[in-house]
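Geometric and topological summary
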Amino acid sequence: MPVSVSIPEPVNIPEPVSIPERKKTFYMESYGCAMNFADSEIVASILQEEGLVATRSYEDADLVLVNTCSIREKAEQTVRQRLSLFRLAKKKRPGMLIGVLGCMAERLKERLLEEEKLVDIVVGPDAYRSLPGLIEEAETGQKAVNVLLSREETYADISPVRLDGNGVTAFVSIMRGCNNMCSFCVVPFTRGRERSRDAASIVRECSDLFRSGYREVTLLGQNVDSYYWMDEKADKAVNFANLLEQVALIDPMLRVRFSTSHPKDITDEVLYTIARHENICKYIHLPVQSGSSRILQLMNRTYTREWYLARVARIMDILPGCGLSADVIAGFCSETEEEHLETLSLMEIARYDMSYMFFYSERPGTLAARRYPDDVPEDVKKRRLEEIVRLQNRLSRESNQRDLGKTFRVLIEGDSKKSAADWMGRSSQNKVMVFPKDGSAAKKGDYVWVRAEECTTATLIGRIVG
Ligand code: SAH
Ligand code: SF4
Ligand code: F3S
């Protein structure tokens, strides 16, 4: 009997596929100073090394990180508000981990875990190398904390991942911490002792940036003038003026900026170095805080009104036309009306192009919080701040008006905020300039000569002339 054999129809059996493991994602927000943003780029680099991928939406991230600032109470409130939003997202996706980094983590330590119940990880500014371990720990359901401060950590060997950049300008950290103990300031407590980063690693990072198309670096530290590195190989010490020069010599097309200078430490050597190199920007951010010598002493700033004004005169002497800006605090402990007026009169004399202005916010644990009552009423602080802001607006407008008709070399950073038909860039003096593209061949990262024709308080509006 014939046996019927059924021959199966050929079917396409798919090749066995390996389902790629979904990469873990992280989302990060940063608050506070430029140094904190630079730190976020270090953190991103550490996480990417671990195979995590950055995402722009916190809702579907596996890890949500907030790099925080403690400088004023309001800065901390902003972070708390963000945390409550992340808490809601975590309720929807319980696997999500939330980490607090930076100065608030350092200031509040474990307390942050009690106060913000859904926070899983707390990491201080010197402990970012331990993040991968802390994440693993948190994944097992434990709370993970490392807020140890270090005397050596500078993350010198980690090359930062540039986040949200324009590809033209970048921040480069040259030192960490602060030894100054200004009585109002929380930074020495949150960032620890001052330490400088290896000069060779700074120059290398800046050269790499230049090679990948960047045209401006801003060297960052709380007090850049006290930068000091012993170059053992050359048996030579490198101070800030030497470092500036080394970075300036990378290429004349690489602009160099720096922040922040302390009035007690900025040397003539630094000013002469700036004068010698066309590519070191003629702009100095020189926080004054107050125009009253008595208040400056209470603030432990270690200079007087006269000393500060003598430094400004020296800057203008060695660097004519140099851009100048400041930080100003209104209503510090026991500040009288006359002392406030001294701040206003100092601002008039210094003729700042721009200022960052704040009213005093008492920070727990600082010298001022322990020694002096925060006794200027809130409404008085706010009124004094308004007067300072109003004066600065006038000074900025006048400074811009003095620039009308002058021509500046501008580095193009990208499209202007308002219109893709205009470029936005900065002059050496750090003035924002906006000008029509006008079909010129110039592109992002190019230098162009721009003549200032009109202005607002914050911007010079001009035209390309070469
Ligand atoms: N290292 C820089 C400034 C760092 S903090 C320097 O020494 O100048 C940035 C600015 O925040 C300070 O210059 C100061 O103006 C302001 N600031 C710091 N602590 C403050 C406080 N407790 N209240 C109000 N403003 C403060
Ligand atoms: Fe704070 Fe003073 Fe150090 Fe600046 S120099 S970070 S204001 S302590
Ligand atoms: Fe804020 Fe810390 Fe910078 S307190 S200003 S983020 S050093």
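Rules behind the numbers
Residues numbered from 1 in each chain as written. Chains lettered and ligands numbered in written order. Predicted model: local features only at pLDDT ≥ 70, side-chain atom pairs only at ≥ 80, totals over all residues. Heavy atoms only, no water. Helix = DSSP H or I, 4+ residues; strand = E, 2+ residues; numbered from the N terminus. Contact = heavy atoms within 4.5 Å. Areas by Shrake-Rupley, 256 points an atom, 1.4 Å probe, with all protein chains shown as cover. Lys, Arg positive; Asp, Glu negative; His and termini not counted. Charge placed at Lys NZ, Arg CZ, Asp CG, Glu CD. Salt bridge = Lys/Arg side-chain N within 4 Å of Asp/Glu carboxyl O. Near = heavy atom within 4 Å. Nonpolar A, V, L, I, M, F, W, Y, C, P; charged D, E, K, R; others polar. Domains from an automatic or database assignment. Expected span 1.5 Å × (residues − 1). Buried < 20%, exposed > 50% of the residue type's maximum accessible area, 1.4 Å probe, protein only. Polar contact = N/O pair within 3.5 Å; in protein donor to acceptor, adjacent residues only side chain to side chain. Phe/Tyr/Trp six-rings, centres within 6.5 Å; stacked < 30°, edge-to-face > 60°. Lys NZ or Arg CZ within 6 Å of the ring centre and 35° of its normal. Core = buried A, V, L, I, M, F, W, Y, C linked by side-chain atoms within 4.5 Å. Pairing = 2+ DSSP bridges. Axes fitted to C-alpha atoms, helices over the stretch in contact; angles between N-to-C directions. Buried area = accessible area lost by both parts, 1.4 Å probe. Parallel < 35°, antiparallel > 145°, perpendicular 65-115°, else oblique. Left-handed = near helix turned anticlockwise from the far one by under 90°.

Moving on: the overall build of the chain. A count of helical and extended segments in the chain gives 14 helices and 21 strands. Along the three orthogonal principal directions, the C-alpha set of the chain runs to about 115 × 60 × 50 Å. Considering only intrachain contacts with a sequence separation of at least 6, the fraction spanning at least 24 residues in the chain is 71%. Approximately 22200 Å² of the chain is accessible, and the part contributed by carbon and sulfur atoms is 54%. The chain carries 64 positive and 68 negative side-chain charges, and their two centres are separated by 3 Å.

Summed over all chains, the structure comprises 46 salt bridges. Of the charged contacts, one joins Glu337 and Arg384 as a salt bridge, the two residues approaching to 2.9 Å between their closest N and O atoms. Placement of Glu337 in helix H12 (residues 337–350) and of Arg384 in helix H14 (residues 378–403) is noted, with a sequence separation of 47 residues between them. Members of the salt-bridge network, linked through shared partners, are Asp39, Asp126, Arg176, Arg191 and Arg195.

Around ligand 3 sit Cys33, Asn36, Thr68, Cys69, Ser70, Ile71, Cys103, Val187, Arg191 and Gln222, and that is every residue in its neighbourhood. Each residue belonging to the shell around ligand 3 can be placed in one class, and the counts come to 5 nonpolar, 4 polar and 1 charged. Composition of the shell around ligand 3 by domain shows at least three residues from each of domain 1 (25–146) and domain 2 (169–402).

So, on to helix H7 (residues 199–211). Here H7 spans 18 Å end to end across 13 residues, near enough to the 18 Å set by a 1.5 Å rise per residue. Listed as buried for H7 are Ala199, Ser201, Ile202, Val203, Glu205, Cys206, Ser207, Leu209 and Phe210. Looking at the buried residues of H7, the elements they touch are strand E7 (169–173), strand E10 (216–220), strand E11 (228–231), strand E12 (236–239) and helix H8 (240–248). Between the side-chain oxygen at the start of H7 and the backbone nitrogen of Ala200 there is a gap of 2.9 Å, and the oxygen is on Asp198. Positive phi appears at Gly213, one or two residues downstream of H7, with a value of about 105 degrees.

In the vicinity of ligand 2, the contacting residues are Cys178, Asn180, Met181, Cys182, Phe184, Cys185, Val187, Pro188, Gln222, His262 and Arg301. The residue makeup of the shell around ligand 2, split by class, is 7 nonpolar, 3 polar and 1 charged.

The subject of this paragraph is the packing of aromatic side chains. Overall, the coordinates contain 9 aromatic pairs when judged by the stated rule. Ring geometry for Tyr128 versus Tyr155: centroids 6.0 Å apart, planes at 20 degrees, classification stacked. Here Tyr155 lies in the loop between strand E6 (144–146) and E7 and Tyr128 lies in the loop between strand E5 (121–123) and helix H5 (131–139), a separation of 27 residues in the sequence. Of the two residues, Tyr128 and Tyr155, both sit in the buried class. With 6.4 Å between their ring centres and 80 degrees between their planes, Phe184 and Phe332 make a pair best called edge-to-face. Separated by 148 residues along the polypeptide, Phe184 in the loop between strand E8 (175–176) and helix H6 (187–191) and Phe332 in the loop between strand E15 (323–330) and H12 bring together distant segments of the chain. We classify Phe184 as buried; its relative accessible area is 11%. Its end group placed over the ring of Tyr447, Arg409 keeps NZ or CZ at 4.1 Å from the ring centre. Positioned above the aromatic ring of Trp423 is the side chain of Lys437, whose terminal nitrogen or guanidinium carbon lies 4.2 Å from the ring centre.

Our focus in this paragraph is the nonpolar core. Residues Leu219, Phe240, Leu243 and Ile284 are the most contacted members of the largest nonpolar core, which totals 69 residues. Aside from chain neighbours lying at most four places away, what touches Phe240 is Ile174, Leu219, Val224, Asp225, Tyr227, Phe258 and Val270.

Time to look at the sheet that holds E5. If you trace the 6 strands from one edge of the open sheet to the other, you get E2-E1-E3-E4-E5-E6, paired in parallel fashion. A single partner strand is all that each edge strand has here, and the edge strands are strand E2 (53–54) and E6. Relative to strand E1 (residues 25–30), helix H1 (residues 34–49) is tilted by about 170 degrees, and along the sheet it contacts E1, strand E3 (63–68) and strand E4 (97–102). In the packing of H5 onto the sheet, the strands contacted are E3, E4, E5 and E6, and the crossing angle to E5 comes to about 160 degrees.

To continue, consider the sheet that holds strand E18 (residues 422–426). On the basis of which strands lie adjacent, the closed barrel formed by 5 strands has the order E17-E18-E19-E21-E20 and mixed pairing. Taking each pair of neighbouring strands and ignoring which way they run, the sheet shows an average axis angle of 55 degrees. As paired strands, strand E17 (residues 407–415) and E18 are joined by 4 bridges and run antiparallel to one another. Each residue of the ladder has a partner; that of Leu411, found in E18, is Arg426.

The next subject is the pairing of strand E21 (residues 459–464). For strand E19 (residues 432–436) and E21, the ladder comprises 3 bridges, and the chain directions are parallel. When the sheet's bridge partners are listed, Met433 is paired in E21 with Leu460. Remark: 3 residues form the turn of the hairpin made by strand E20 (residues 447–455) and E21, two consecutive strands paired antiparallel.

Put simply, Ser259 and Thr260 share a cis peptide bond, and its omega is 10 degrees. Its location among the elements puts Thr260 in the loop between strand E13 (255–259) and helix H9 (268–276). Located in the positive-phi region is Tyr155, a residue other than glycine, with phi close to 55 degrees.

Glancing now at the domain arrangement of the chain. Quoted interface sizes are often the accessible area lost when the parts come together. The domain architecture assigned to the chain consists of domain 1 (25–146), domain 2 (169–402) and domain 3 (407–464). If you average the C-alpha positions of domain 2 and of domain 3, the two centres end up 26 Å apart. Between domain 2 and domain 3, the residue contacts involve 21 residues of the former and 18 residues of the latter. Across the interface of domain 2 and domain 3, roughly 1500 Å² is buried in total on both sides, 49% from carbon and sulfur atoms. One salt bridge in this structure joins Glu278 and Arg409, with 3.5 Å as the shortest N-O distance. Connecting domain 2 to domain 3 are 11 residue pairs in polar contact (both at pLDDT 80 or more). At the level of elements, E13 and H14 are the ones that each hand at least two residues to the side of domain 2 that touches domain 3.

Put simply, H7 and H8 touch, their axes get as near as 10 Å, and they point 30 degrees apart. Overall, the two elements H7 and H8 adopt an arrangement that is roughly parallel. In this structure, the crossing between H7 and H8 has a hand that is right-handed. For the pair H7 and H8, the contacting residues are Ala199, Ile202, Val203 and Cys206 in the first and Leu243, Gln246 and Val247 in the second.

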